[in-house]
Structures are given as structure tokens and as C-alpha cells.
Amino acid sequence: MKSHIEKGEILYLKDWHFCLSEGKLADNKYIAYKLPEELSYDWIDEWWNVRSDVQDDYRFVYIGPKGSWTPVHYDVFGSFSWSTNICGRKEWIFFAPNMESYLKDRRGEIIYDLRDPDPIRFPHLKDAKCFRFIQERGETVFVPSFWYHQVFNLEDTISINHNWGNGTNFDFFLENLIGGLKDVQKELIDVKSISTPEEWNETCQLLLKANSGINFVELMSLLFHIGQKSCERLKMGGFPHLNEEDIKKDHEGLLHIYSLYKVNY
């Protein structure tokens, strides 16, 4: 670390799978923290925890010194996320989804760093409306789906971050995946004529997985798992932390996702 500081470099530890790595060391008996009910019903975490084909999750710890930062982005899968400061302070800059066009250049690329914009390349950035605030120690920030944001560590900071979703936002999840598939199909259009339909679809799914972290085969596996678990829970007395309206939204979400899947794929 000292050599990097001397060179003027700032290191930032991001996306450390703390729960996953520490759980392995403790035979999955280690519990670092517990979530409040409002954040605990998570299809992403529930499905990844039972998978035997991969060792992965979307629960992270970030450790960054003063001056470290993340570029402008929205979160993986088009998911919700939350971030809790264990120590330190952060500055957040948020843009609602309808501000996306103001953040793009003529080639459709999103600006990387808001601190040094090129007015020629990003002529509409000055008209974008944003939300800017400081996150203090012990505070939690909720990040909605498709909201672009950039984050700066104002002090040495440690934070816990989860990507998560359920029936309330999985239409965004699917929308993001459909967009990713269309991009892959566009890039591979030249080889479609020399491929069988099976080869074409398989190749598109492989590249979609590489680009997006998940493909439609895995998405349907996730939905099947969640639907099966929902039926089991209802038979055993339901969801103690959810009311009837929440359960209805989840079931409507599953049906809506499946209908979009049939139309678009």
C-alpha cells in the first residue's frame, strides 16, 4: 500500500464476497450480520445460495481510502441495491432513468467521471437533473433499478453492499436481460445464416451470460426455484414477514416475467 501511495495511486477494494468467503472458512456457520425484514426477501441471494454449479453471490464489502470512487453506472442486472456505511462518509450523485440520454455521448456511451466532463463530447450533461447527498456512518442508501449513480469516499470508508430483487422489480431485471440479448444478437448477425437455430441460440446465450452474468436459461431456473419455494412456504403457513398484498405482488411479478419471456425470446 505504501508504494502505491508514494506513486499517487489510490487502491479500492470492491466486490469482496465477504459472506461467501468467510462462510466457507467457518463451514457456512458464520453470520456476519442480519438484515431487516425490508431488505431480507431477496430472490437473487436465495437462488445463488442453493446453486451447486457455481460459488458466487451478490453480497459485497467495499473498503476504500479517502479519495477512492466508483464511475457512473447502474447496478448489475438492473437490480435494486443497498449500501450501509460501517465507517466513513460517502458522497452520492444520482440520476433518474429519464436522465440517461443526458449522460450519453453521440455514440451512446455513458460518461465515466462527472468531475471532468468534456462539454463537446457530452453537450447535454449540463441539463441533467441529479440528486446529491452525503451518506454518514451507520446510514443505509437504497439504490433503485436503472438509476445511474457515482460515489466518492470522502473519508476512509468500509461499506456493506447487496444487489437484490424480488417480484417488485424483476420486470426491470428481465428488461435488462432482453436488452442484453438484443445487443448480442446484433453483434452476431453475420454468423446467423451459417448457424443452425440451435447453434445460434446457444451461442447467444453463452455470450449473454459472459456479458450480463446470467442468461435466459438461468433466469428460468431462478424463477422455477422461487416459485417452488413460494408454494412450499404457503403450504407451511405462508410468509411471516410478508402481508397478502406483498405475496400477490410476487405472484403477479412471476406471471408478468414469464409472459415477457414468451413474447421476447
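First, a word on scope: everything that follows refers to the structure included in this document. (Residues numbered from 1 in each chain as written. Predicted model: local features only at pLDDT ≥ 70, side-chain atom pairs only at ≥ 80, totals over all residues. Heavy atoms only, no water.)

### Some remarks on the overall build of the protein
Threshold: Labels follow the DSSP assignment, with helices taken as runs of H or I lasting at least four residues and strands as runs of E lasting at least two, numbered in each case from the N terminus. Two residues qualify as a contact provided that any one of their heavy atoms is within 4.5 Å of a heavy atom in the partner residue. All accessible-area figures derive from a Shrake-Rupley calculation using a 1.4 Å probe, and residue coverage is judged against the displayed protein chains alone.
Scanning the protein from terminus to terminus reveals nine helices and nine strands. For the protein, restricting intrachain contacts to residue pairs at least 6 apart in sequence, the fraction spanning at least 24 positions comes to 82%. When the accessible area of the protein is evaluated, it comes to approximately 15800 Å², of which 54% is carbon and sulfur surface.

### Digging into the packing of helix α5 (residues 170–187) against helix α7 (residues 197–212)
Just so we agree on the cut-off: Only C-alpha atoms enter the line fits that serve as axes; for helices the fit covers just the stretch in contact. Angles between N-to-C directions range over 0 to 180 degrees. In these notes the angle categories are as follows: under 35 degrees is roughly parallel, over 145 is roughly antiparallel, 65 to 115 is roughly perpendicular, and the rest is oblique. Take the far helix as your reference; a near helix turned counterclockwise from it by less than a right angle gives a left-handed crossing, and one turned clockwise gives a right-handed crossing.
For the pair α5 and α7, the least separation of the axes is 9 Å and the interaxial angle reads 120°. In this view, α5 runs oblique relative to α7, as classed from their interaxial angle. For the pair α5 and α7, the sense of crossing is right-handed. Where α5 abuts α7, its residues L177, G180, L181, V184 and Q185 lie against W200, C204, Q205, L207, L208, N211 and S212.

### So, α7
Counted only if it meets this: To estimate how far a helix should reach, multiply one less than its number of residues by 1.5 Å. Think of it in three bands: residues with accessible area under 20% of the maximum for their type are buried, residues over 50% are exposed, and the middle band is partly exposed, with areas taken using a 1.4 Å probe on protein chains only. Of all possible arcs, the one meant is that of the directions from the helix axis to the C-beta atoms.
Counted at 1.5 Å a residue, the expected span for α7 with its 16 residues is 22 Å, and the 22 Å between its end C-alpha atoms agrees. Within α7 the residues assigned to the buried category are W200, C204, Q205, L208 and S212. Looking straight down α7, one finds that the buried residues subtend no more than 125° of arc, so they occupy a single side. Residues of α7 that are exposed and angled more than 90 degrees away from the buried face: E198, E202, L206 and A210. G213 occupies a position one or two residues after α7 and carries a positive phi of about 90°.

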